[in-house]
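Report on the structure
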Amino acid sequence: MHASPDPVIETRGLTKDYGSRRALFGLDLRVRAGEVFGFLGPNGAGKSTTIRILLDLIRRSAGEVLVLGRDPRTDGVEIRRRVGYLPGDLVFASRRPARDLLAYLGDLRGGVPAAQVDALAERLDLDLSRPLRSLSKGNRQKVGLVQAFMHRPELLVLDEPTSGLDPLLQREFLAMVREARADGRTVFMSSHVLSEVQDVADRAAVLRGGRLVATEDMDALRRRAARRVRIRFAAPVAAAEFAGLAGVRDLDVDGDAVRCVVDGSPDALVKQAARHTVLELDSAEPDLEELFFTYYTDQEEVGDAA
Amino acid sequence: MRRNVFGRFLRDHLRTLVGWSVGVAAVTALYSAFWPSMRDSGDAMDAYLESLPEGLMESMGWSSLATVEGYLGATVFGLLTPVLLVIAAVTLGARAIAGAEEAQELELLLAHPVTRTAVLVQRSAAAAVFVAVLGAVVFGTLLVLGPAIDVDLPVDRLLAACVSVTLIALVYGAVALAVGAATGRRAPALGAAAVLAVVGYLGNTFARQVAELEWLRFGSAFHYAMDPDPLLHGFDLGRTALLLAVPVVLAALGALAFTRRDVGV
């Protein structure tokens, strides 16, 4: 164990109730300085609720929260000065151009050089002269990303940053996140799709039903990630050949087609399949809900039984 | 110059303000332009009015339609501009916090280094400026048009009447803003302000003729602003101060509730 610097985000027993409905159940979260942290979970798991508490948009019911060493309840302004935030759902009603809004938001932060805004807009291929209300979902998301990054904050809090972006722009965005990390800044980003964060995140936490079910290195999580695999061979194969392979479960062999779920590395399956002529091979990542529901409920049951 | 919440809110509503200004100027000009013909038929009009039940004239606040103060007091200042300015102020007040929140615009602003109180204060001030401009439009229209249509009022009394109308609108606008800030929802903000304004207007009207309803006037901004008639008596310092204090107190209460709740849920 080595001494780690003070965490950039730290919550202990973070709980949030909306009336009688509990949205967060005692979250313990630690995000280290300089890391890219993925905050994963299906829609409705409580990701946005947690993020909004960090910015003091909503107030916790119990527990402790420190962002950049300060409590959002008492030092919200100071925290927000040093944080760039992308809301999960951006709507603009204004007829004014995007450039106008970004200048205004920059001024609220004490001024942001126009060159920085222009450079980001160019990178994301965003036309700043278009009226805000006419922007598509993807373009609104770009405006949101520009305002989150433009003042080069120490901490970026991004709620579903890639939603609405086409694949090319997703890659550009991931490059921006890597650059932020290279500058020593911290990125906390939520997603309901593992693949969106797995290439860039150092660590990730998984939230389900308002409870934190895991916080792990991305590598460990990736190993855990189950994939749904479908292979079609040139000729029928025997089910016995594929049963009992390492990491393979939910096997279904039907003539020349094999369907199964692979946990972790597909190495054993690939080597076995290579004995035959493979016509097609599809591999799909199951959604997070399914993924972690299977894995972590199993773990809990094992834990409870022990 | 740095852009701030105050300036941005006004800028965002510039088109709306221009639209309202044109409308308020047109209505003011149109109705005051009837005055010369009204005066010429004044005797006949007064005779007609005398034939009406006594209570009706009193309740409508028509002291006399044969004087310019009586005519403007009954039309432009008695009904038309208060209604227009109250509607403008209430819709803007409801929009300032609750409307922006329902449109999901508020979250982005509040994620910046500003306090909620600052946002509410600056937007309230911007809304007050908006309403004051409309009051100034009434004043300016009558000032410029006056000589041409024989509306010959002392400037100070004309100003007092325009300020009174503006203050009525500010009171109900502040109700909408405060309720919206406390609830985050536009419907209750609009509802509360509309109910209070209608009850305030009708209450003030009925109380003039039904002694048992006299109490209704105490909750009515119309009563404090229009009685005694500023067109006849000029400024009433005490009542003007009261009408200025009410929106300030309402905004403060709204801010208190706004800073204590969750935003955008």
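Rules and cut-offs
Residues numbered from 1 in each chain as written. Chains lettered and ligands numbered in written order. Predicted model: local features only at pLDDT ≥ 70, side-chain atom pairs only at ≥ 80, totals over all residues. Helix = DSSP H or I, 4+ residues; strand = E, 2+ residues; numbered from the N terminus. Buried ≥ 20, exposed ≤ 12 C-beta atoms within 10 Å, placed from the backbone. Contact = placed C-beta atoms within 7 Å. Axes fitted to C-alpha atoms, helices over the stretch in contact; angles between N-to-C directions. Parallel < 35°, antiparallel > 145°, perpendicular 65-115°, else oblique. Left-handed = near helix turned anticlockwise from the far one by under 90°. Nonpolar A, V, L, I, M, F, W, Y, C, P; charged D, E, K, R; others polar. Core = buried A, V, L, I, M, F, W, Y, C linked by C-beta atoms within 7 Å. Pairing = 2+ DSSP bridges. UniProt positions renumbered as here; feature names shortened; annotations may be inferred.

This part is about the overall build of chain A. Assigned secondary structure in chain A consists of eleven helices and 13 strands. Seen along its three principal axes, the alpha-carbon backbone of chain A occupies a region of about 70 × 50 × 40 Å. Considering chain A as a whole, with its 306 residues, one finds that 38% of them fall into the buried category. Restricting the contact set of chain A to residue pairs at least 6 apart, pairs at least 24 apart contribute 68%.

Right, let's get into the packing of helix α9 (residues 116-145) of chain B against helix α14 (residues 237-258) of chain B. All names here are of chain B. The contact between α9 and α14 brings their axes to 9 Å, and the two run at 150°. The angle between the axes of α9 and α14 places the two elements in the roughly antiparallel class. Between α9 and α14 the crossing geometry is right-handed. Contacts between α9 and α14 involve R116, T117, L120, V121 and S124 from the former and A251, G254, A255 and F258 from the latter. Within the contact of α9 with α14, the residues separate by chemical class into five nonpolar, three polar and one charged.

A few words now on the nonpolar core. Within the largest apolar cluster, 146 residues are counted, with the highest numbers of intra-cluster contacts made by A:V146, B:Y172 and B:V175. Per-element accounting of this core gives the leading share, 20 residues, to helix α10 (residues 155-183) of chain B.

Turning our attention to the sheet that holds strand β2 (residues 21-31) of chain A. Strands in a sheet are paired, the pairing made by backbone hydrogen bonds, and the direction either parallel or antiparallel. Residue and element names in this part refer to chain A. On the basis of which strands lie adjacent, the open sheet formed by three strands has the order β2-β1-β4 and antiparallel pairing. Edge positions in the sheet fall to β2 and β4 (62-67), since each of these pairs with one other strand and no more. In this sheet, adjacent strand axes meet at a mean angle of 25° when their direction is disregarded. Taken together, the five bridges between strand β1 (residues 9-18) and β4 define a ladder with antiparallel strand orientation. Residue pairing for β4: T15 is matched across the bridge by A62.

Residue and element names in this part refer to chain A. The element helix α1 (residues 47-54) is extensively covered by neighbouring structure, given that eight of its eight residues are classed as buried. Regarding α1, the residues found buried are K47, S48, T49, T50, I51, R52, I53 and L54. Two residues or fewer past α1, D56 is found with a positive phi of approximately 65°.

This part covers the UniProt feature "transmembrane region" (unreviewed entry) in chain B. Residues and elements named next belong to chain B. The UniProt record marks residues 12-35, 70-92, 125-146, 158-182, 189-207 and 240-259 with the feature "transmembrane region" (unreviewed entry), using the residue numbering of this structure. Here residues 12-35 is 92% helix and 0% strand, with 37 Å between the C-alpha atoms at its ends. Taken end to end, residues 189-207 comprises 100% helix and 0% strand; its first and last C-alpha atoms sit 26 Å apart.

All names here are of chain A. On strand β5 (residues 83-86), burial covers both faces: V83 and Y85 on one face and G84 and L86 on the other are all buried. When β5 meets strand β6 (residues 155-158), the two strands line up parallel, connected through four bridges. Its bridge partner lying in β6, V83 is registered against L155.

Residue and element names in this part refer to chain A. Judged by pairing direction, the sheet is antiparallel, and its four strands sit side by side in the order β11-β12-β10-β13 without closing on themselves. Two strands lie at the open edges of the sheet, namely β11 (248-254) and β13 (278-284), each paired on one side alone. Along the sheet, successive strands turn relative to each other by an average axial angle of 15°, direction set aside. Bridge analysis of strand β10 (residues 226-233) against β13 gives six bridges, and the strand direction is antiparallel. Among the inter-strand pairings, R228 is bridged to a residue of β13, identified as A284.

On to unusual backbone geometry. Residue and element names in this part refer to chain A. Positive phi values are uncommon outside glycine, yet L68 reaches one of about 50°. Counting through the fold element by element, L68 comes out in the loop between β4 and α2 (72-82). If you check the backbone angles, R152 has positive phi at about 50° while not being a glycine.

All names here are of chain A. Looking at the secondary structure, you find A180 in helix α6 (residues 167-182). A tally of 21 C-beta atoms within 10 Å means that A180 is categorised as buried. Ignoring sequence-local partners within four residues, the contact set of A180 consists of L156, R185 and V187.

Turning to the interface of chain B and chain A, a few remarks are in order. The interface is formed by 19 residues belonging to chain B together with 23 residues belonging to chain A. Of all the elements in the fold, those that place two or more residues in the side of chain B that touches chain A are α1 (5-12) and α8 (106-110) of chain B. Residues belonging to the side of chain B that touches chain A are distributed by class as follows: eight nonpolar, four polar and seven charged.

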